[in-house]
Structures are given as C-alpha cells and as structure tokens.
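Here is what each chain is made of, one letter per residue.
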Amino acid sequence: MAALWRTRNGRGGMILFGVVVLAALVLPFFLPDYRVQQFPRSEAPTWAHLFGTDELGRDILSRVAQGARISLMVATGAVLVAATIGAGVGMAAGFAGGWIDALLMRLVDAAMAIPRLFVLLLVLAVLDHIPLPLLMVLLGATGWFGTSRLVRAEVLRLRGEGFVAAARALGAGRRRIIFRHLVPNAAGPLIVAATLSVADVLLLEAGLSFLGLGVPIPMPSWGAMIQSGMAFRSTAPWICLFPGLAIVITVLAVNLIGDGLRQSLTPERA
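What about the overall build of the protein chain?
Next up, step 1: Counting its secondary structure elements, the protein chain contains 11 helices and 0 strands.
Next up, step 2: Counting helices and strands in the order they occur from the N terminus, the protein chain gives α-α-α-α-α-α-α-α-α-α-α.
Next up, step 3: With the C-alpha coordinates aligned to their principal axes, the bounding extent of the protein chain is approximately 75 × 45 × 25 Å.
Next up, step 4: Going through the 270 residues of the protein chain one by one, you find that 43% of them count as buried.
Next up, step 5: Once local pairs closer than 6 in sequence are excluded, the contacts in the protein chain between residues at least 24 apart make up 71%.

Below, the structure written as structure tokens:
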C-alpha cells in the first residue's frame, strides 16, 4: 500500500476509488429507499435530491450508491473466480510442462478464439432469470484465459531461477516449490492483471445490464439506469448522466490503481 501510494497514479486512483467505496457503504443508510417511488417524477437536481429523481420518482443518488455496491460486488467476485481458475491452470501448465502444458494452452487458445461477449449473451439470453452469484461465476468463468497465459509465462521464467534449483537440490517437493517459491513470486503480475480486470468486468456488467441481461431487476445497476434514462435524455438528461459518470469515475480509479501497482510491484525473490 505504501509503495502504491508513492506513485502518482496509484495515489489518485486510491483517492477516487475510496470515494466510490465510501459512497457505496455509507450513503444508502442516509438516503431514501432506492425502491420507493415517492417523489416527483423526473425532477431536476435540487438540494433535496442532489442527482434528481428518475422517471418513476426514485432518488437517483440513492440508486447510484446502491448500484455501486452491486457493481463492485459483481466485479470483485468475478475477478476472484477468474484469478483463481487462471492462476491454477497457468501454474499447472508452466510447472508441469510437456504435453500437459501443450494441452492446456491449446484449450486456452481455442477458448480465446470465441468472443467472450458472444458466449455471455448466448448463455444469459437462454436463462430467464439469473441470480447475482451465478452472474459472478459466469463473468469469472469466461475471463480467466489471459490470466492463465500470464501466470504460465511467469512460472516458466521462475522455474529456471537459481532459488528454484536450490530448493530442488535441498529436497523440496513439488508442493513446497509451488506454494513457497513460485506462487509468491508470481503474485505481483497476477495482482496487477486482476486489478485491471475489475475495470473490464465493470464495463461488461454495465453493458449486459444496459441490454437487460445483467443484474436482475429490481436491483439497481448503472447500465440499466442508463438504459432506462435514454428515453428521457433530452428532457431529463440527469437520469442517465449520473450513472454514466459513476462508471467513468470507477473505471478510471481502478485503471489508475492498476497502473500504480504495475509501477510499484516487482516479483519478490525468495
């Protein structure tokens, strides 16, 4: 954290992301219920409603804050799933080598040849109702391929280092070499890739929700809020403006943090 804070991009990203997280955690307790339609419809921003109200008379700030909770939860869950699968496959391929490496990487190449969005649209269009946990799993299960190649390349590099050879000479088993030497040293690039993937998943989830295939109704989603406000963009532009700004700020913050991590994290030598 200290090293990340010392980088300009990392510092700016942490401040922006901290504001988003703080708003998601705190604001819903002080704002009207995001589901209640109790205010004038399509009311412009005022001191009573800083972001205005939507076409159904709901407070937009309340829905944006609640949407931040859901979007961050979906993105974090999906990235954890993708990082776990990708790290496992990449570690197995890089450490085992030979036909196992060739087989796993050919499977990854075949999977990467199929557009991720096409697969998601196909699955989500078939399912009538998709719960939030399953959405996280689907987003994660279709986004680990690049991570596996990154981890594999890092393991192949580390496998030839002197400390791995020394560990083998001292009688260390495969499990100890993997978890004591390879995993900690491959963690830096993996963390950077996972952080940058959060922004990709945020945009992907927003796009799917815009199409009506993402976060299930009535949960607020930034993408769905933009879609519902498109019909009023000329008369009440704030309905879709503020969710769009929330997406831009959050994605910018995550990318700045990822860039700061890239500058500050270097593989640790065991």
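Side note on the packing of aromatic side chains
Next up, step 1: The full count for this structure, using the stated rule, is 2 aromatic pairs.
Next up, step 2: On the numbers, 4.1 Å between centres and 5° between planes, the contact of Phe51 with Phe242 is stacked. Placement of Phe51 in the loop between helix H2 (8-26) and helix H3 (60-96) and of Phe242 in helix H11 (residues 238-264) is noted, with a sequence separation of 191 residues between them.
Next up, step 3: Taking the centre distance of 4.6 Å and the plane angle of 50° together, the rings of Trp144 and Phe145 count as tilted. For the residue pair Trp144 and Phe145, the accessibility class agrees, reading buried in each case.

Re the nonpolar core
Next up, step 1: Core analysis: the biggest nonpolar cluster contains 38 residues, and Ile60, Val74, Leu132, Leu135, Leu139 and Trp222 have the highest contact counts within it.
Next up, step 2: Those elements that place two or more of their residues in this core are H3, helix H5 (116-126), helix H6 (132-141), helix H9 (174-210), helix H10 (222-229) and H11.
Next up, step 3: When near neighbours in sequence (up to four residues on either side) are disregarded, Trp222 contacts Val64, Gly67, Ala68, Ser71, Pro243, Ala246, Ile247 and Thr250.
Next up, step 4: In this structure, Met91, Leu158, Phe163 and Ala172 belong to the second largest nonpolar core, which totals 16 residues.

Comments concerning helix H4 (residues 98-112)
Next up, step 1: The terminal C-alpha atoms of H4, which comprises 15 residues, lie 21 Å apart, in line with the 21 Å expected from a rise of 1.5 Å per residue.
Next up, step 2: Every buried residue belonging to H4 is among Asp101, Met105 and Val108, and all of these are buried. Looking straight down H4, one finds that the buried residues subtend no more than 55° of arc, so they occupy a single side. Relative to its buried face, H4 has exposed residues pointing more than 90 degrees away, namely Trp99 and Leu107.
Next up, step 3: For H4, the secondary structure elements touched by its buried residues are H3 and helix H7 (145-159).

What counts and what doesn't
Residues numbered from 1 in each chain as written. Predicted model: local features only at pLDDT ≥ 70, side-chain atom pairs only at ≥ 80, totals over all residues. Heavy atoms only, no water. Helix = DSSP H or I, 4+ residues; strand = E, 2+ residues; numbered from the N terminus. Buried < 20%, exposed > 50% of the residue type's maximum accessible area, 1.4 Å probe, protein only. Contact = heavy atoms within 4.5 Å. Phe/Tyr/Trp six-rings, centres within 6.5 Å; stacked < 30°, edge-to-face > 60°. Core = buried A, V, L, I, M, F, W, Y, C linked by side-chain atoms within 4.5 Å. Expected span 1.5 Å × (residues − 1). Arc of directions from axis to C-beta.

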